[in-house]
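Summary of structural features
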Amino acid sequence: MPNSLPPRFQLPGLGSFFGLLTLALLIHSAANVGLSPGQFIAGLPHIGRILGEMFPPDLDKVHRVGTAIAETFRMALVGTSLGIVLSFFLAILASRFHSPFPPLYFLARMVVSLFRTVPDLVWALLFVVAVGLGPFAGTLAIVIDTIGFCGRFFAEAMEEAHQGPQEALRALGARRADVVFCSVVPAALPSFINSSLFSLEKATRSSVILGLVGAGGIGIELKVAMEMFNYSQAATAILAIFGLVIAVEQVSAAIRTRII
Amino acid sequence: MSGISAMALLSGAALRARRPIGNELPDAAVTGPFPSIDVAAIGLSKSYDPNAKVLDDISFAVPKGEAVALIGCNGAGKSTLLRCCVGLAPIDEGSACLFGEVLSTLPPRRLREFRARVGFVFQQHNLVGRLSVLSNVLHGALARTGIRGWWHQIAASIERERALHCLELVGMADCAGRRADRLSGGQSQRVAIARALMQEPRVVIADEPVASLDPKAAEEIMTLFAGLMEKGRITFLFSSHNLQHALRYSARLLGLSGGSLVLDAPAKSQTISSLREIYDSPAADA
């Protein structure tokens, strides 16, 4: 076959076609979200003014902010803990190799997907309507959100557990529960701990936002302060949130390093 | 294979048993219609790919108390055959029998009872790495202890003592509290054997138990198996590439080549050079 030069241009392949489609979608989206560098530059002085009014933070309400941040942490802790326990059992059903019946596997997967795809703020709005304003609604929203997050990662960790020890236990007459608790759980434990700690960090940040819709915690303090243009009081709340999130992340990282 | 010929196979094997009867362990729960046959395959075929059979019409019977070695080159189907024998791998045609009963006819609970009396030692030992050696050994008794056998911290004192005794038998008692993933290959294999002993097995099936060990450790492990057979009159079915081990530690040899059983003979009638023919046969290269 004689040598020939490749053509200068070729029709795009499927990969290139989808790449171009994505680029077109990005340009269209950017044009429709009102991206405006001019507007941003014009708004900078306002941001500077607000930041100026925030300092020094108002320490008169520090006790009230402290109580609210403690409530936020309690919501995160209780919601995450309950969510982790429920996730574990749901993950067994949602694990391809360990679920006792295929219909239960699909049902568990659907529940986990539903809990994960609906945002926590939507769950909080639902629970505020169902059980009223306050931290209970927020805690329930965190439970659901944690199940959506941990349920998936727990199930995947269980599926990835080394099959050899599981087969060894089956060979010696172990029941399904024996295999899960004696072999799968120890193998997946580092992943369980990792996901649980990430979940606690995520829940701590979420519980701040949940307060904005009346689901308890410091969010409501922040919302009221911002709506009343009381930026120094808002700064106290923001600093408290910052301190809580950093503290949870540091403790979580320390536990992760120590255990895993 | 028809039911009559299957019965003939099982009965014939019973007559050939070198050391029949005598297992001192309580085994009433796992006695089928052919109580003197512990492991058998009847016309067993198995394939992973529809075009290539891994095992083709395999029939053999291992009577109670006999030591049988399974030899054959890589890919001959040894591991698959051993896994089929305890129902760990599904069978396409034929049957696998434990204690004289066809596994495929057993309800799950009864199958677990049968498996509980078979100590299966894997080439890669398959211990639970993050658990202690003692917990791993206690798993051998899961069928009778249930939840309390999950971890050594919650196990009954008598079972803990028994597990420690099993570790003493394999010379690993001083490692009882150590994590299983901190052990060497030889130590892990000893613990896997202790786990099998904890089952109080009537049969021990070992899939290339010394393949990953150095010659000294391999010799120690095989001597250990031989000693356990002498003491407990356990039926022993093992696969090995080591022909010297096969001749020395078994009374009978089964040879697999290309998924077919090409040898079923007393070990005394064989030599290393005669066994090498199994590895050189055309089917072995297929």
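Scroll up a little and you will see the structure.
Presented here is a report on the structure given in the accompanying data block. This one's a predicted model, so the numbers in the text were calculated from it and none came from an experiment.

A separate point is the overall build of chain B. Broken down by element type, chain B carries eleven helices and ten strands. Contacts spanning at least 24 positions in sequence make up 70% of the contacts within chain B whose residues lie at least 6 apart.

With that settled, the discussion passes to the overall build of chain A. Helix and strand content of chain A: ten helices and zero strands. Listed by position from the N terminus, the elements making up chain A come as α-α-α-α-α-α-α-α-α-α. Scaling as 2.2 N^0.38, a compact globule of 260 residues should have a C-alpha radius of gyration of about 18 Å, whereas chain A reaches 25 Å, well beyond that. In terms of principal-axis extent, the alpha carbons of chain A reach across some 70 × 65 × 40 Å. Across the 260 residues that make up chain A, the buried fraction comes to 38%. Residue pairs at least 24 apart in sequence account for 73% of intrachain contacts in chain A once pairs closer than 6 positions are excluded.

Residues and elements named next belong to chain A. One way to put it is that helix α3 (residues 62-94) packs onto helix α8 (residues 176-210) with a least axis distance of 9 Å and a crossing angle of 150°. As α3 packs across α8, the resulting crossing turns out to be right-handed. Residue-level contacts link Thr72, Phe73, Met75, Ala76, Gly79, Thr80, Gly83, Ile84 and Ile92 of α3 to Val180, Ser196, Ser199, Leu200, Ala203, Thr204, Ser207 and Val208 of α8. Tallied by class, the residues present in the contact of α3 with α8 amount to nine nonpolar, eight polar and no charged.

Let's shift gears to the sheet that holds strand β5 (residues 101-102) of chain B. All names here are of chain B. Spatially, four strands are ordered β2-β1-β4-β5 in an open sheet, and the strand pairing comes out antiparallel. Because the sheet does not close on itself, it has two edges, and the strands there are β2 (52-63) and β5. Sheet analysis places strand β4 (residues 93-98) next to β5, joined by two bridges and oriented antiparallel. Bridge pairing in β5 links Leu98 to Glu101. Lying on the sheet, helix α2 (residues 78-85) is in contact with β1 (37-49), β2 and β4; it crosses β1 at an angle near 125°.

Rules and cut-offs
Residues numbered from 1 in each chain as written. Chains lettered and ligands numbered in written order. Predicted model: local features only at pLDDT ≥ 70, side-chain atom pairs only at ≥ 80, totals over all residues. Helix = DSSP H or I, 4+ residues; strand = E, 2+ residues; numbered from the N terminus. Contact = placed C-beta atoms within 7 Å. Rg over C-alpha atoms; globule rule 2.2 N^0.38 Å. Buried ≥ 20, exposed ≤ 12 C-beta atoms within 10 Å, placed from the backbone. Axes fitted to C-alpha atoms, helices over the stretch in contact; angles between N-to-C directions. Left-handed = near helix turned anticlockwise from the far one by under 90°. Nonpolar A, V, L, I, M, F, W, Y, C, P; charged D, E, K, R; others polar. Pairing = 2+ DSSP bridges.

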